[in-house]
Each structure stands twice: as C-alpha cells, then as structure tokens.
Amino acid sequence: MTSLTPYAGEDPSQRASDADRDRIAAILGEGLATGRLTSAEHADRLDAAYTAVTIGDLVPLTRDLPQNTGPAPTPATERHRVAAVFSKIIRRGRWVAGRHTELSSVFGALIVDLSDAVLPGREVTLELNSFCGKLIVTVPHNSRVVDEGSALFSKRSVSGGSAGDGPLIRVTGSARFGKIVVYRGT
C-alpha cells in the first residue's frame, strides 16, 4: 500500500499516527516547494492530513505526488540555523523552516517572517538568542505560541498565546542586552 507505517499492511482502516501525518506533511511541503502544488492546494491538503484519522484518509493526499522512497529526512530538514552577526538579515516569503530552527543575532538585526514559510510539522521549536542585537519574528496568524525563554537586561515580548488550530510554535532561548519580539501575522 504505502510506506506510511511499518504496521500498515494492506488495511487502510488502520489509525494514522502523528508520525504518519508528519511524513505526509513533509511530502506536501516538498510538493509546494517544487511547484507541484499551489498554496491553496497545499493548505487544503495539509489541513486534511492533520485531521485524518486513518491511513486510508492520508493515501489520496499524496497519490499524485512523487514519493520520496529514500532514507528519512536529513538532519538539515530537522534543524535550521540563521545568524546575523554585525549585520541585518531579513528572511520572508516561501521557505522551508526546520523542526528546530535556531535564530541568533549578535550586534545585528534578524527579521524572520514565518507566515508563508513551510513548517515541517504541527510543532516547531524556535530557539531565539540575541546578544546586543534585535530579533523580530512573525508567526502564522492561526498558530499557538508557547514562550519558554529568558531575558537579562533585555526586552522580550512574545505575543500569540492560543489563537487557533494552527501549528504550535515553542519559543526558547535567551535575550542578553538585546531585544526579542515575536508576534502573530495578519
């Protein structure tokens, strides 16, 4: 049938796991990144993937997309790092974030917009570190934000809370003599 679950066998009525949903989301994200899916198709299929109950619900979502039959995703797709050191970096538009994304600013400015980014799953960890710098992050409008970070002689403003059924954005890291701002996009 598919390589979704080693226990799937030929029974499409078997319940789907979170790992199954995440694998489908990764295939859909690759389809969006390569231009095989439009933004609207991607959003519709991603919503269907995360509300799917059985393996049979997931299979049609990627039937017309190439399947990655190779090994599991490389660590580069799991972890992503962007650093601004004595510089200003702006990252926005369509890009693929890692499941664990580290953003750091040292005597610089880093502005990151996740509104149009392809998120690799239902939970993403943003490790935000600022030393004498500024870090501004925009999260998707329907995301849930949990702040687990710290600050020392800094400004740290993380707004978001629980807004909808979107991805969970877990914010960690620290601000030292800098500024970290996380807010929800429109």
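## Digging into unusual backbone geometry
Consideration 1: Positive phi outside glycine occurs at F107, with the angle close to 55°.
Consideration 2: Turning to its location among the elements, F107 is positioned in the loop between β3 (100-106) and β4 (109-113).
Consideration 3: For F107, a relative accessible area of 41% translates into the label partly exposed.
Consideration 4: The phi dihedral of F177 falls on the positive side, at around 55°, and the residue is not glycine.
Consideration 5: Here F177 shows up in the loop between β11 (174-176) and β12 (179-184).

## Some points on the packing of aromatic side chains
Consideration 1: Evaluation of the coordinates by the stated rule reveals four aromatic pairs.
Consideration 2: Consider the rings of F86 and F107, whose centres lie 5.2 Å apart with planes at 5°: the pair is stacked. Highlighted residues: F86 in the loop between β1 (79-85) and β2 (88-91) and F107 in the loop between β3 and β4, separated in sequence by 21 residues.
Consideration 3: On the numbers, 6.3 Å between centres and 90° between planes, the contact of F131 with F177 is edge-to-face. A residue pair is termed long-range when its members are at least 10 positions apart, and F131 in strand β5 (residues 123-131) and F177 in the loop between β11 and β12 qualify at 46 residues.
Consideration 4: What makes F131 partly exposed here is its relative accessible area of 28%.
Consideration 5: Connected via pairs of aromatic rings, a cluster forms that spans F86, F107, F131, F153 and F177.
Consideration 6: Looking at R91, its charged tip hangs above the ring of W95, at a distance of 4.9 Å from the centre.
Consideration 7: Over the face of the ring belonging to Y50 we find R122, whose NZ or CZ atom lies 4.7 Å from the ring centre.

## Looking at the confidence of the model for the protein
Consideration 1: Across the protein, pLDDT averages 84, with 87% of residues at or above 70.
Consideration 2: Within the protein, helix α4 (residues 75-78) has the poorest average pLDDT of any element, 54, and β4 the best, 96.
Consideration 3: Scored below 50 in pLDDT, residues 1-8 shows 20 contacts in the model against residues more than four places distant or in partner chains.
Consideration 4: Note on residues 69-76: pLDDT under 50 across the span, and one contact to partners over four residues away in sequence or across chains.

Conventions used here
Residues numbered from 1 in each chain as written. Predicted model: local features only at pLDDT ≥ 70, side-chain atom pairs only at ≥ 80, totals over all residues. Heavy atoms only, no water. Helix = DSSP H or I, 4+ residues; strand = E, 2+ residues; numbered from the N terminus. Buried < 20%, exposed > 50% of the residue type's maximum accessible area, 1.4 Å probe, protein only. Phe/Tyr/Trp six-rings, centres within 6.5 Å; stacked < 30°, edge-to-face > 60°. Lys NZ or Arg CZ within 6 Å of the ring centre and 35° of its normal. pLDDT = per-residue confidence, 0-100. Contact = heavy atoms within 4.5 Å.

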